[in-house]
Amino acid sequence: MELPLDKRLSIGLQTIHRRTEPANGPWLPRIDEMCALVELIDRSGYDSLWVGDHISFPLHIFDPLLQLAQAAVVSRRLQFGTSVFLLPLRHPTPVAKQVSTLDHLTEGRFIFGVGVGGEFPKEYEACGVPITERGARLSEGIEVLRKLWRGASVSHAGRFFRFDEVAMQPPPRQSGGPPIWCGGRSDAALRRVGRLTDGWMSYVVTPEMYAQGLVKIAAAAAKAGRRFERGFGTAHLLFARIDETYEKALDVATITLSRRYAMDFRKPAQRYCALGPPAGIAETIQRFYAAGVRHVILDLLGPYEERDRQIELFAAEGLPLLADLRGPARTPADESHAE
């Protein structure tokens with residue numbers, strides 16, 4: 001089957017109360033700083049704002065749903081999303097309530113990106129979840145979410161979760177709940193996307209790998225008899241660093257990502273990051289668009305103190321180069337999938 005992709009390219013940013021490294025001084029998030037950041041992203045013409053998720057991580061990180069609830073107060077236009085929420089670490093029933101609430105607080109401008117993680121086994125240990133069960137728990141968790149989001153009295157009897165005749169009110173703002181986009185690169189993860197979710201989110205893949213992944217997803221969707229009435233979302237988290245030269249950008253990206261993931265990230269940065277002047281980053285985005293990506297989420301790397309300047313630079317010099325793919329600006333009504 002052919003996946004029903006949007007024609008328009010959307011460009012978002014992944015950051016709120018998250019500190020890029022290295023940075024100077026203590027890490028103490030402030031409300032005014034958050035407001036200024038969201039306003040900057042909004043007026044600069046980006047389409048969306050995303051946050052990641054971990055319980056335990058080499059760097060400071062906050063809960064993503066709480067961050068997005070706070071940020072949604074500032075912008076009436078931006079779409080908001082998780083990239084990605086580690087659903088297997090939680091019981092899906094309270095998550096269903098939290099996400100439904102957030103869908104209302106964002107006025108239907110929320111995309112629920114989920115994934116299994118696994119890079120940091122200690123967070124699975126701390127949550128009492130066997131890491132070997134993470135894929136199965138994600139699949140069943142998605143099933144539980146969709147049932148509870150109906151708003152009717154529903155029951156579930158699965159391997160991990162059981163309940164009888166439970167009604168969760170109110171249902172989400174978006175009919176059927178917010179779109180669920182799933183991360184992952186393995187064949188099993190891609191089959192899960194095709195069978196169960198409304199979209200695919202990737203990171204540390206090349207455009208060629210992305211295109212190959214969509215072929216596998218389409219095959220799994222066809223086998224499952226899927227019909228994507230709301231279309232199929234395609235997203236990629238793209239690590240990027242704007243600098244005068246590729247070499248300078250690579251050095252900064254290597255420092256940031258090596259600290260973030262507690263490993264030497266230079267070779268992966270060379271393969272997977274968009275580095276250098278804005279025109280080169282825009283060219284990489286165009287390659288991902290050609291591969292099928294319709295939502296590029298930029299993770300701008302480097303010192304925290306340079307974050308706003310990076311956002312402004314790409315808005316001024318990179319976004320205009322992508323205007324033909326992005327089309328006219330959307331209104332909040334266009335972005336919302338509300339009933």
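A brief report on the enclosed structure follows.

Each value, and the rule that gives it
Residues numbered from 1 in each chain as written. Predicted model: local features only at pLDDT ≥ 70, side-chain atom pairs only at ≥ 80, totals over all residues. Heavy atoms only, no water. 1 Å grid on protein atoms, 1.4 Å probe; cavity = no way out; pocket = protein on both sides within 12 Å on 5 of 7 lines; lining within 4 Å. Points joined across faces, edges and corners; volume = space filled by probe spheres on them. Helix = DSSP H or I, 4+ residues; strand = E, 2+ residues; numbered from the N terminus. Nonpolar A, V, L, I, M, F, W, Y, C, P; charged D, E, K, R; others polar. Phe/Tyr/Trp six-rings, centres within 6.5 Å; stacked < 30°, edge-to-face > 60°. Buried < 20%, exposed > 50% of the residue type's maximum accessible area, 1.4 Å probe, protein only. Lys NZ or Arg CZ within 6 Å of the ring centre and 35° of its normal. Pairing = 2+ DSSP bridges.

**Focus on the layout of surface pockets**
Here is step 1 of the chain: If you add up the space inside the largest pocket, you get close to 1,000 Å³.
Here is step 2 of the chain: Around the largest pocket, the lining comprises 40 residues; the ones closest to its centre are Val84, Gly117, Glu119, Tyr203 and Val204.
Here is step 3 of the chain: Of all the secondary-structure elements, those providing two or more residues to the lining of the largest pocket are helix H5 (134-148), helix H6 (187-196), strand S9 (199-203), helix H8 (246-261) and helix H9 (266-272).
Here is step 4 of the chain: By residue class, the composition of the lining of the largest pocket is 19 nonpolar, 12 polar and 9 charged.

**Re empty space enclosed by the protein**
Here is step 1 of the chain: Evaluated as defined, the whole model comprises 2 cavities of 30 Å³ or more.
Here is step 2 of the chain: Approximately 60 Å³ is the volume attributed to the largest cavity.
Here is step 3 of the chain: Looking at the largest cavity, it is lined by 10 residues, and the ones nearest its centre are Gln14, Thr15, Asp299, Leu300 and Arg307.
Here is step 4 of the chain: It is strand S12 (residues 295-300) that contributes the most residues to the lining of the largest cavity, 3 residues altogether.
Here is step 5 of the chain: The class makeup of the residues in the lining of the largest cavity is 4 nonpolar, 3 polar and 3 charged.

**Some thoughts on the packing of aromatic side chains**
Here is step 1 of the chain: Taken as a whole, this structure holds 12 aromatic pairs when the rule is applied.
Here is step 2 of the chain: Centre to centre, the rings of Phe57 and Tyr261 are 6.2 Å apart; their planes meet at 90 degrees, and the pair counts as edge-to-face. Taken together, the positions of Phe57 in the loop between strand S2 (48-51) and helix H2 (64-71) and Tyr261 in helix H8 put the pair 204 residues apart, joining distant regions of the chain.
Here is step 3 of the chain: On the accessibility criterion, Phe57 (19% relative accessible area) is buried.
Here is step 4 of the chain: On the basis of relative accessibility, which here comes to 16%, the residue Tyr261 falls in the buried class.
Here is step 5 of the chain: Plain terms: the ring middles of Phe228 and Phe232 are 5.1 Å apart, the flat faces sit at 70 degrees to each other, and that makes the pair edge-to-face.
Here is step 6 of the chain: Classification of Phe228 as buried rests on a relative accessible area of 11%.
Here is step 7 of the chain: Taken together, the aromatic side chains of Phe57, Phe120, Tyr203, Phe239, Tyr261 and Phe265 make up a single cluster linked through ring pairs.
Here is step 8 of the chain: Of note, Arg90 hangs over the ring of Phe85, and the distance from its end group to the ring centre comes to 4.1 Å.

**Looking at the pairing of strand S1 (residues 10-14)**
Here is step 1 of the chain: Counting buried residues along S1, 5 of its 5 residues qualify, which places the element largely inside the surrounding structure.
Here is step 2 of the chain: Strand direction decides the pairing type here: S1 and S12, joined by 4 bridges, are parallel. Bridge pairing in S12 links Leu13 to Leu298.
Here is step 3 of the chain: Bridge analysis of S1 against S2 gives 3 bridges, and the strand direction is parallel. Bridge assignment links Leu13 to a residue of S2, and that residue is Leu49.

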